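This is what each chain is made of:
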Amino acid sequence: MIKAILIFNNHGKPRMIRFYQYFAEDLQQQIIRETFHLVSKRDDNVCNFLEGGRRVRLFLIGGSDYKLIYRHYATLYFVFCVDSSESELGILDLIQVFVETLDKCFENVCELDLIFHMDKVHYILQEVVMGGMVLETNMNEIVAQVEVQTRMEKSEGGLSAAPARAVSAVKNMNLPDMPRNINIGDLNIKVSSLSPF
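Report on the accompanying structure. (Residues numbered from 1 in each chain as written. Predicted model: local features only at pLDDT ≥ 70, side-chain atom pairs only at ≥ 80, totals over all residues. Heavy atoms only, no water.)

**Concerning the nonpolar core**
- The biggest cluster of nonpolar side chains holds 30 residues, and the ones touching the most others in it are Ile 2, Ile 5, Phe 78, Phe 80, Ile 91, Phe 98 and Ile 124.
- Mapped by element, the contributors of at least two residues to this core are β1 (2–9), β5 (76–83), α2 (88–106), α4 (118–128) and α5 (139–156).
- If one sorts the elements of this core by residue count, α2 sits on top with 10 residues.
- Not counting the four nearest positions on each side in its chain, Ile 124 is found in contact with Phe 98, Thr 101, Leu 102, Cys 105, Phe 106, Ile 142 and Val 146.
- Among the nonpolar cores identified, the runner-up in size contains 17 residues, and Phe 8, Phe 36, Val 39 and Val 79 belong to it. (Core = buried A, V, L, I, M, F, W, Y, C linked by side-chain atoms within 4.5 Å. Buried < 20%, exposed > 50% of the residue type's maximum accessible area, 1.4 Å probe, protein only. Helix = DSSP H or I, 4+ residues; strand = E, 2+ residues; numbered from the N terminus. Contact = heavy atoms within 4.5 Å.)

**A short note on the environment of Ile 17**
- With respect to the helices, strands and loops of the structure, Ile 17 is situated in strand β2 (residues 14–19).
- Judged by its relative accessible area of 25%, Ile 17 falls in the partly exposed class.
- Between the alpha carbons of Ile 17 and Leu 6 there is a distance of 4.7 Å; along the sequence they are 11 residues apart.

**What about the sheet that holds strand β3 (residues 49–51)?**
- Read across the sheet, 5 strands follow the order β2-β1-β5-β4-β3 without closing on themselves; strand pairing throughout is antiparallel. Where the open sheet ends on each side, the last strands, each with one partner, are β2 and β3. This sheet shows a mean twist of 15 degrees between the axes of neighbouring strands, independent of strand direction.
- Where β3 and strand β4 (residues 66–73) come together, 3 bridges link them in antiparallel fashion. The residue of β4 that forms the bridge with Leu 50 is Leu 68. (Pairing = 2+ DSSP bridges. Axes fitted to C-alpha atoms, helices over the stretch in contact; angles between N-to-C directions.)

**Let's talk about the side chain of Asp 83**
- With respect to the helices and strands, the residue Asp 83 is situated in strand β5.
- Of the side chains with opposite charge, Lys 3 comes closest to the buried, unpaired Asp 83, at an N-O distance of 4.6 Å.
- Engagement of the side chain of Asp 83 in a polar contact is seen with the backbone nitrogen of Met 1, the distance being 2.6 Å.
- Here Ser 85 takes part through its side chain, which lies 2.6 Å from a polar atom of the side chain of Asp 83.
- Sequence-distant contacts of Asp 83, that is, excluding residues within four places in its chain, are made with Met 1, Lys 3, Asp 65, Tyr 66 and Lys 67. (Lys, Arg positive; Asp, Glu negative; His and termini not counted. Salt bridge = Lys/Arg side-chain N within 4 Å of Asp/Glu carboxyl O. Polar contact = N/O pair within 3.5 Å; in protein donor to acceptor, adjacent residues only side chain to side chain.)

**Points about the packing of aromatic side chains**
- In total, this model carries 6 aromatic pairs according to the counting rule given.
- Centroid distance Phe 8 to Tyr 77: 5.8 Å. Interplanar angle 40 degrees. Geometry classified as tilted. In this pair, Phe 8 is assigned in strand β1 and Tyr 77 in strand β5, connecting sequence segments 69 residues apart. For the residue pair Phe 8 and Tyr 77, the accessibility class agrees, reading buried in each case.
- With a centroid separation of 5.6 Å and an interplanar angle of 70 degrees, the aromatic rings of Phe 19 and Phe 23 are classed as edge-to-face. (Phe/Tyr/Trp six-rings, centres within 6.5 Å; stacked < 30°, edge-to-face > 60°.)

As structure tokens, then:
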């Protein structure tokens, strides 16, 4: 089972974090720091697996039963923390599928895409992994579901169009002339002339 998925840049800045097991926030930060230090100091020509044991401290996540499986692409590290029931090569292939799917959806994905389109990245990840279990590895199926989601968001106008729709609705309201004097009991209020939209 997948316990955590961590994506961070070459400087250790987290770009996407997903834990499938509860950890307190301070422990999560410690796990991210330790994972970055373990992965970033390794040479590019060594294998992409780190198993827990005496030499590798993974006790924060679960001890010697856990493994870190990672890939380094340009400025980003994609790290999956898994238990011993997962295949190392299967997880490496899953990382490749995830990155290629991101690349198809963002057309040459980069670190900024992960920052500015976090919702879409999380949606893609949820199509691949949910609750620590692998759901889908067929890239074409994942991309098709992302395109359906994108079309649905566009047809609804999405959150980005909400302010424009609100201003348009206010402008199109049929309001009578602005009141000049408001009388409420003993209170008399004079309203100055307001400019229209």
